[in-house]
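The lines below spell out each chain.
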Amino acid sequence: AQRSDSLVEPVEPHLRTLESLGLIRLLQEHPELAYLFRHALIQEAAYSSLTRRHRQSLHQAIGRILEELNPESRDEVADLLAYHFAAAGDTEKAVPYSHIAAERALSTYAYDEAILHLRRALDLTGSESPPETRSRLLEALGDIYALLHQGNLAISVYQQALAEWERQPSADRADAIRLHRKVVQAGAESKWAVDRDTLRRFNQ
């Protein structure tokens with residue numbers, strides 16, 4: 001549990017009660033007061049006791065509070081924002097924050113983490129989501145696979161991005177050209193590392 005000074009008064013008595021019962025412990029007092037559950041099982045039990053609707057409303061509230069507490073540095077907590085808004089069922093906010101979190105992870109060479117964020121964002125987007133959103137996420141995912149020299153995966157994901165591009169009512173041809181160029185580049189760099197059938201499909 002963590003909160004700013006503006007939330008101290010209504011939360012303080014409840015925190016003291018939970019601490020006296022041995023359910024939570026003080027983690028730090030400065031720069032912000034923070035508590036931890038004494039055991040993961042306590043946290044799990046408390047969470048599972050909530051109804052789904054209550055959980056979603058709490059995650060939504062936490063996401064909004066995080067936004068309010070970090071007006072100038074939301075990118076730094078993008079992973080937390082993505083998690084809470086996804087748990088709240090707010091895909092409109094969760095997807096862009098997941099994309100930002102992926103970009104931040106990529107900037108520190110945390111490729112697996114970046115892939116995880118992008119995969120989660122894609123899972124949140126469905127057939128009714130704007131195809132340009134899915135195309136952008138898929139292209140970013142393909143770029144990471146290309147960086148990792150995983151040509152098969154990169155080509156497959158780029159082709160999925162092209163399929164989403166084709167669904168757009170007013171698609172920009174420049175986007176298709178860029179994606180095709182990336183497919184060619186990924187294929188050229190991995191032609192000696194792929195099997196014959198994959199290379200034949202790429203050539204087609």
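Located above this text is the structure these notes cover.
To start, this report covers the structure provided alongside it.

Cut-offs and rules
Residues numbered from 1 in each chain as written. Predicted model: local features only at pLDDT ≥ 70, side-chain atom pairs only at ≥ 80, totals over all residues. Heavy atoms only, no water. Helix = DSSP H or I, 4+ residues; strand = E, 2+ residues; numbered from the N terminus. Expected span 1.5 Å × (residues − 1). Buried < 20%, exposed > 50% of the residue type's maximum accessible area, 1.4 Å probe, protein only. Arc of directions from axis to C-beta. Contact = heavy atoms within 4.5 Å. Axes fitted to C-alpha atoms, helices over the stretch in contact; angles between N-to-C directions. Parallel < 35°, antiparallel > 145°, perpendicular 65-115°, else oblique. Left-handed = near helix turned anticlockwise from the far one by under 90°. Nonpolar A, V, L, I, M, F, W, Y, C, P; charged D, E, K, R; others polar. Pairing = 2+ DSSP bridges. Polar contact = N/O pair within 3.5 Å; in protein donor to acceptor, adjacent residues only side chain to side chain. Core = buried A, V, L, I, M, F, W, Y, C linked by side-chain atoms within 4.5 Å.

**Quick look at helix α6 (residues 111-124)**
(1) Moving on: In this model, α6 (14 residues) spans 20 Å end to end at C-alpha, consistent with the 20 Å of a helix rising 1.5 Å per residue.
(2) Moving on: Buried within α6 are the following residues: Ala114, Ile115, His117, Leu118, Ala121 and Leu122. Down the axis of α6, the sector holding all buried residues measures 160 degrees, keeping them to one side. Exposed and oriented more than 90 degrees from the buried face of α6 are Asp112 and Asp123.
(3) Moving on: Contact partners of the buried residues in α6: α4 (78-87), α5 (91-107) and α7 (131-147).

**Thoughts on the packing of α4 against α5**
(1) Moving on: Running from N to C, α4 and α5 cross one another at 155 degrees; their axes reach a closest spacing of 8 Å. The pairing of α4 with α5 is recorded here as roughly antiparallel in orientation. Where α4 crosses over α5, the handedness of that crossing is left-handed. In this structure, α4 contributes Ala78, Asp79, Leu81, Ala82, Phe85 and Ala86 to the contact, and α5 contributes Lys93, Ala94, Tyr97, Ser98, Ile100 and Ala101.
(2) Moving on: The residue inventory of the contact of α4 with α5, partitioned by class, reads 9 nonpolar, 1 polar and 2 charged.

**Examining the pairing of strand β2 (residues 34-37)**
When a strand is regular, its side chains alternate between the sheet's two faces.
(1) Moving on: Two strands pair when backbone bridges link them, and strand β1 (residues 24-28) and β2 are joined in this way by 4 bridges, in the antiparallel orientation. The partner of Leu26 across the bridge, within β2, is Tyr35.
(2) Moving on: In this structure, the hairpin formed by β1 and β2 is closed by a connection of 5 residues.

**A word on unusual backbone geometry**
(1) Moving on: In this chain, His30 is followed by Pro31 through a cis amide linkage whose omega measures 0 degrees.
(2) Moving on: With respect to the secondary-structure elements, Pro31 resides in the loop between β1 and β2.
(3) Moving on: Although it is not a glycine, Tyr109 adopts a positive phi angle of roughly 65 degrees.
(4) Moving on: Relative to the assigned elements, Tyr109 resides in the loop between α5 and α6.
(5) Moving on: Residue classification places Tyr109 among the exposed residues on the basis of a relative accessible area of 62%.

**A look at helix α9 (residues 173-190)**
(1) Moving on: When the terminal C-alpha atoms of α9 are compared, their 26 Å separation across 18 residues agrees well with the 26 Å that a helix rising 1.5 Å per residue should span.
(2) Moving on: Buried within α9 are the following residues: Ala176, Leu179, Lys182, Val183, Ala186, Gly187 and Ser190. On an axial view of α9, the arc spanned by its buried residues comes to 130 degrees, and they lie on one face. Within α9, the exposed residues directed more than 90 degrees away from the buried face are Arg173 and Glu189.
(3) Moving on: Measuring from the backbone nitrogen of Ala174 back to the side-chain oxygen at the start of α9 gives 2.9 Å, which picks out Asp172 as the cap.

**Some remarks on the nonpolar core**
(1) Moving on: Grouped together as the largest cluster of nonpolar side chains are 25 residues, with contacts concentrated most on Leu118, Leu137, Leu141, Tyr145 and Tyr158.
(2) Moving on: When contributions to this core are tallied by element, the ones reaching two or more residues are α5, α6, α7, α8 (151-167) and α9.
(3) Moving on: With 7 residues, the top contributor of residues to this core is α8.
(4) Moving on: With 9 residues, the next largest nonpolar core counts Leu81, Phe85, Ala94 and Ala101 among its residues.

No statement about biological role is implied by the geometric values presented.
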